[in-house]
Each structure stands twice: as C-alpha cells, then as structure tokens.
Amino acid sequence: MVISADEVAVSKNTTLTYVMGDIVTLYADVVRQYEEKYGTLKFCADPWNSSYYLGVFHLGLIDFDHDDVEELVIGYAVPHPNMEGISWLYMDVWSIESGTPVMKYEGATITQSDVGRHCEYTCLDGTYYLVKGFDGSGIDLQLLEMKNKVFSTAYTLKVSDMDFAPYLNGTVIPQKMFYDFYYNVRDNAEKYGGTIFIGEPPSKNDIQNSLNQARERIGVDKK
C-alpha cells in the first residue's frame, strides 16, 4: 500500500533545480511517483459521504525536527477493500539527507472502526507531531516526534478498556488533565478524513488549494 524508498529515484533535473533554488524541489519525483501509483486527487460523488476522495490529497512541508529542512508529509487515500463510498487515508513522511529524499515514516493512520480511518499531524508548543493509533469507541493514540531524522513516540494517550482510566505516557492522570491535553491535540491538528465518521474535515476547496500551492512550490509539474 505504501511506496518504498527503493521505488523513488531523484532525477538529474531535480537535483539541478535544488542547486539553483528551494530544497523542497527535491521532493518533486517523490510526489510524481505517488501520484502515478495512487492517482491525483479525485473527489468522488457519493450521496451519503461528502468527504469521500481518492489519490494524493495532501502535501505538507513541515520542519518536524527544527533543522531548517522541511519534511514532506504526503497524504494519500485508497478505496476501502470491502466497501464502496469509503476511503482509507494514510500519511508518509520524507526528509532530505545528503541531497536525497529518504522516507522517514510510512502508513501513519488513525483507525476509528472497522470502516473508518483518518489521518492527522498536530502542533504543540511549536513542535509538530505525527499522530497514529485508535480514536473511536476508545482512545489509544501515539504522538510521534522527529529527532535527528528519526521518529519516536513522545506521548501516548490511552483510555483503559477495563476501568476507563485515562493514561498519559503510561500514568493515570485526572480526567480533566487528560482531556484538556487530548482536545488540545485535536484542536491543533491538521486533520483529514475520508469517511463519514470524521466530523468537519476541510472543504474540497481547502484541500485542492492547499495541494495546488504545495505542488507549485515543490515543482511537481516542472520536468
């Protein structure tokens, strides 16, 4: 379902563009190959699910580790394997090492049920985190922080299935403290949903405009 680093080759033209300008143009071939595999953004007509879309729907340029090199967050939606009118969303993260794009995380998603999935990244106190896990009838989330070009778990949020006790990083804390943190994560998130189970995703225009701006800066259409 994800593209491996072996499948992406940086062209000589892309490297030349980097020497002359913005380093994020090194991601252009990565984006092209994702679009070849998953398709460009397509909004699908469905009477009961207005947020149903497929293909590459998001290109985020985020400096996760504060080293002045923006990582590429690439979101892509694939059809649900067994149901029509629903897409499953994933996010991969790429960075630049020695002038070459390198995948740093693949397939981040948040499961809501057997049907629903969405994906997101969030910002807390100026640092961005990739979010994954489960957020449906219960909560079991991990916030991933990048340091030295490696993602690791910075925070875990879990509500026990047994006694509904809220845990932050493995320690039971007061409910108000837990949910204040949880809703801060959600309120600050760049959140994308491909199913009816996620409330108020970005509008079609928001998604398309954001994608177009990132494609232009990366130089996806320049070869």
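S.K.: I'd like a rundown of the sheet that holds strand β2 (residues 53–62), residues and numbers included.
M.R.: Across the sheet, five strands lie side by side as β1-β2-β3-β4-β5; this open sheet has antiparallel pairing. Sheet topology places β1 (42–43) and β5 (100–108) at the edges, where each strand pairs with a single neighbour. Bridge analysis of β1 against β2 gives two bridges, and the strand direction is antiparallel. Paired with Lys-42 across the strands is Leu-54, a residue of β2. Taken strand by strand, helix α4 (residues 204–218) contacts β1, β2 and β3 (71–79), and its axis lies near 55° from that of β2.

S.K.: Tell me about the pattern of salt bridges, and name the residues and values.
M.R.: For the structure shown, the criterion picks out 10 salt bridges. Glu-35 is the partner of Arg-215 in a salt bridge, and the nearest nitrogen-oxygen pair spans 2.3 Å. Remark: Glu-35 occurs in helix α2 (residues 28–38) and Arg-215 occurs in helix α4; sequence separation between them is 180 residues. What you see here is one network of salt bridges that share partners, running through Asp-65, Asp-67, Glu-71 and Lys-149.

S.K.: Outline helix α3 (residues 175–187), listing residues and values.
M.R.: Each full turn of the α-helix corresponds to 3.6 residues, which orients residues three or four apart in the same direction. Here α3 spans 18 Å end to end across 13 residues, near enough to the 18 Å set by a 1.5 Å rise per residue. Regarding α3, the residues found buried are Phe-178, Phe-181, Tyr-182 and Val-185. An end-on view of α3 places all buried positions within 100° of arc, on one side of the element. Exposed residues on α3 whose side chains face more than 90 degrees from its buried face are Lys-176 and Asp-187. If you follow the buried residues of α3, they end up packed against β7 (117–124), β8 (127–135), β9 (139–147), β10 (150–159) and β11 (166–168).

Parameters and conventions
Residues numbered from 1 in each chain as written. Predicted model: local features only at pLDDT ≥ 70, side-chain atom pairs only at ≥ 80, totals over all residues. Heavy atoms only, no water. Pairing = 2+ DSSP bridges. Helix = DSSP H or I, 4+ residues; strand = E, 2+ residues; numbered from the N terminus. Contact = heavy atoms within 4.5 Å. Axes fitted to C-alpha atoms, helices over the stretch in contact; angles between N-to-C directions. Salt bridge = Lys/Arg side-chain N within 4 Å of Asp/Glu carboxyl O. Expected span 1.5 Å × (residues − 1). Buried < 20%, exposed > 50% of the residue type's maximum accessible area, 1.4 Å probe, protein only. Arc of directions from axis to C-beta.

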